[in-house]
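Structure assessment
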Amino acid sequence: MASDREDFTLCGPSHLTNLDWANENHQRCVAACLVQGIYIVERDRQLQREGSQALASPWWDFFHFKLIRRLIDDADFSIFGAIYELKPPQQDTAVDSKAPRYVIAFRGTLTKPDSISRDLELDIHIIRNGLHRTSRFEIAMQAVRSMATSVGASNLWLTGHSMGAAMALLAGKTLAKTGVYVKSFLFNPPFVSPPIERISNERVRSGLRIAGSLVTAGLAFSRTLKQAQQPQLQQQLQERNLSEDPLKALSLWLPEVHVNPGDHLCSEYIGFFEHRGNMEQLGYGAGIVERMAMQHSLGGLLMDAMGVSNAVDVQEPVHVIPSAKLIVNRTASEDYKEAHGIHQWWREDQDLVSNIYLFK
């Protein structure tokens, strides 16, 4: 039996008949629906729903998109993403300059028996800061880089939900480091950290974040000293050109990060940006400490200290972005499933608060 949430006519934004590409709310709705289309096209595949029984196509047809390529995992052959092309009606001779020509979308974890094993494996890679080493990300990155090169970054959108948001985020970061900036919509991207934001006492939250920054910066500094004593690591670091400030290279990229305070997987983004500003205001070198801390994963540094990982291969966490437009859904959620779900991002009755954080 198909879920009502899979049927566009039952839960899609069918009210959005007069699409305004300059309207940020409309952009968000479209991006979220294109992600939902990937969830459903994979469920269609798993359940062998074809022809009139397939439920996926309305999620992109309604907005005049065409799915031109499916991105398929090489391990379980599941569909984890797709490339869409905008195909407006023939009577619309002029395409709005705010509209994307192409969109690349990535789904998150499917909790169904046919796909949960591979998806959970990818989730673990995100926790261990190793998403960049997976074959699924390599397939995604190849598609993103190819499209950005062939059609131009200004004609392309990136979007994803949950694990798919992490994939879109990492792909966008990879391009941004080379000076290529793609408009990105990230829904409920995982923030690998204890859910400090859920602690009600503000002073306790602030204290824990400051302590975490100090510990992380201390471990990072210790690792730097260790590398300085090992010529072979020095050579590898020079080859990778790590002398450049990765945050500065990323600072011009402004992805739109959509989070819900009731979702512990992504809610820490709220405190992450607020804490960074607080550290800058403290003075006495606190801003420098936070700058060093945010470029490293505490878990990765601990594994490195214990000899579990390669010191050179420890990258900044996927969730670290110096600049962002943060959109917070303050609408009360019934449970975690609703707070984490993709469906909230195309509903009309949401209390959304947005702030722009620019790296200085």
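Residues numbered from 1 in each chain as written. Predicted model: local features only at pLDDT ≥ 70, side-chain atom pairs only at ≥ 80, totals over all residues. Heavy atoms only, no water.

Going by an unreviewed UniProt entry, the protein carries the name Fungal lipase-type domain-containing protein and comes from Eruca vesicaria subsp. sativa.

Details of the overall build of the protein
A tally of helices and strands in the protein yields 13 helices and eight strands. For the protein, with 360 residues in total, the buried portion stands at 50%. Long-range pairs, those at least 24 residues apart, make up 74% of the contacts in the protein with a sequence separation of at least 6. Accessible surface computed for the protein: about 17,500 Å², of which carbon and sulfur atoms make up 52%. (Helix = DSSP H or I, 4+ residues; strand = E, 2+ residues; numbered from the N terminus. Buried < 20%, exposed > 50% of the residue type's maximum accessible area, 1.4 Å probe, protein only. Contact = heavy atoms within 4.5 Å. Areas by Shrake-Rupley, 256 points an atom, 1.4 Å probe, with all protein chains shown as cover.)

Some remarks on the pattern of salt bridges
Taken as a whole and assessed by the stated rule, the structure comprises 14 salt bridges. Residues Glu-24 and Lys-325 are paired through a salt bridge, measuring 2.5 Å at the closest nitrogen-oxygen approach. Highlighted residues: Glu-24 in helix 2 (residues 24-46) and Lys-325 in strand 7 (residues 324-329), separated in sequence by 301 residues. A residue is classified by how much of its surface remains accessible, and Lys-325, at 11% relative accessible area, is buried. A salt bridge links Arg-136 to Asp-119; the nearest nitrogen and oxygen atoms lie 3.2 Å apart. Linking Arg-136 in helix 5 (residues 135-151) with Asp-119 in helix 4 (residues 116-127), this pair joins segments that are 17 residues apart in sequence. (Salt bridge = Lys/Arg side-chain N within 4 Å of Asp/Glu carboxyl O.)

A closer look at the sheet that holds strand 2 (residues 79-86)
Pairing is mixed across the open sheet formed by eight strands, whose spatial order is 1-2-3-4-5-6-7-8. Both edges of this open sheet fall to strand 1 (65-72) and strand 8 (352-357), since each of them pairs with a single strand only. Here the average twist between neighbouring strands, direction ignored, is 15°. Running at roughly 170° to strand 3 (residues 102-106), helix 5 makes contact with strand 1, strand 2, strand 3 and strand 4 (156-161) of the sheet. (Pairing = 2+ DSSP bridges. Axes fitted to C-alpha atoms, helices over the stretch in contact; angles between N-to-C directions.)

As for helix 2
The first and last C-alpha atoms of helix 2 sit 34 Å apart over 23 residues, in line with the 33 Å expected at 1.5 Å per residue. The element helix 2 is largely enclosed, with a buried count of 20 among its 23 residues. N-cap assignment for helix 2: the residue whose side-chain oxygen lies 2.8 Å from the backbone N of Asn-25 is Asn-23. Positive backbone phi, approximately 55°, marks Gln-48, located one or two places after helix 2. (Expected span 1.5 Å × (residues − 1). Polar contact = N/O pair within 3.5 Å; in protein donor to acceptor, adjacent residues only side chain to side chain.)

Focus: the confidence of the model for the protein
Of the residues in the protein, 71% have a pLDDT of 70 or more, and the chain-wide mean is 82. Scored below 50 in pLDDT, residues 239-243 makes four contacts in the model with residues more than four places away or belonging to other chains. Contacts from residues 308-314, a stretch scored under 50 in pLDDT, to residues over four places away or in other chains number 20 contacts. (pLDDT = per-residue confidence, 0-100.)

Focus: the packing of helix 5 against helix 6 (residues 163-176)
Between two packed helices, what matters for the description is the angle formed by their axes and the separation of those axes. At their nearest, the axes of helix 5 and helix 6 sit 10 Å apart, and the two run at 50° to each other. With respect to helix 6, the axis of helix 5 lies oblique. Note that helix 5 runs across helix 6; the crossing there is right-handed. Where helix 5 approaches helix 6, its residues Arg-136, Phe-137, Ala-140, Met-141, Val-144, Arg-145 and Ala-148 are matched on the opposing element by Met-163, Met-167, Leu-170, Ala-171, Thr-174 and Leu-175. Its residues assigned to classes, the contact of helix 5 with helix 6 comprises 10 nonpolar, one polar and two charged. (Parallel < 35°, antiparallel > 145°, perpendicular 65-115°, else oblique. Left-handed = near helix turned anticlockwise from the far one by under 90°. Nonpolar A, V, L, I, M, F, W, Y, C, P; charged D, E, K, R; others polar.)

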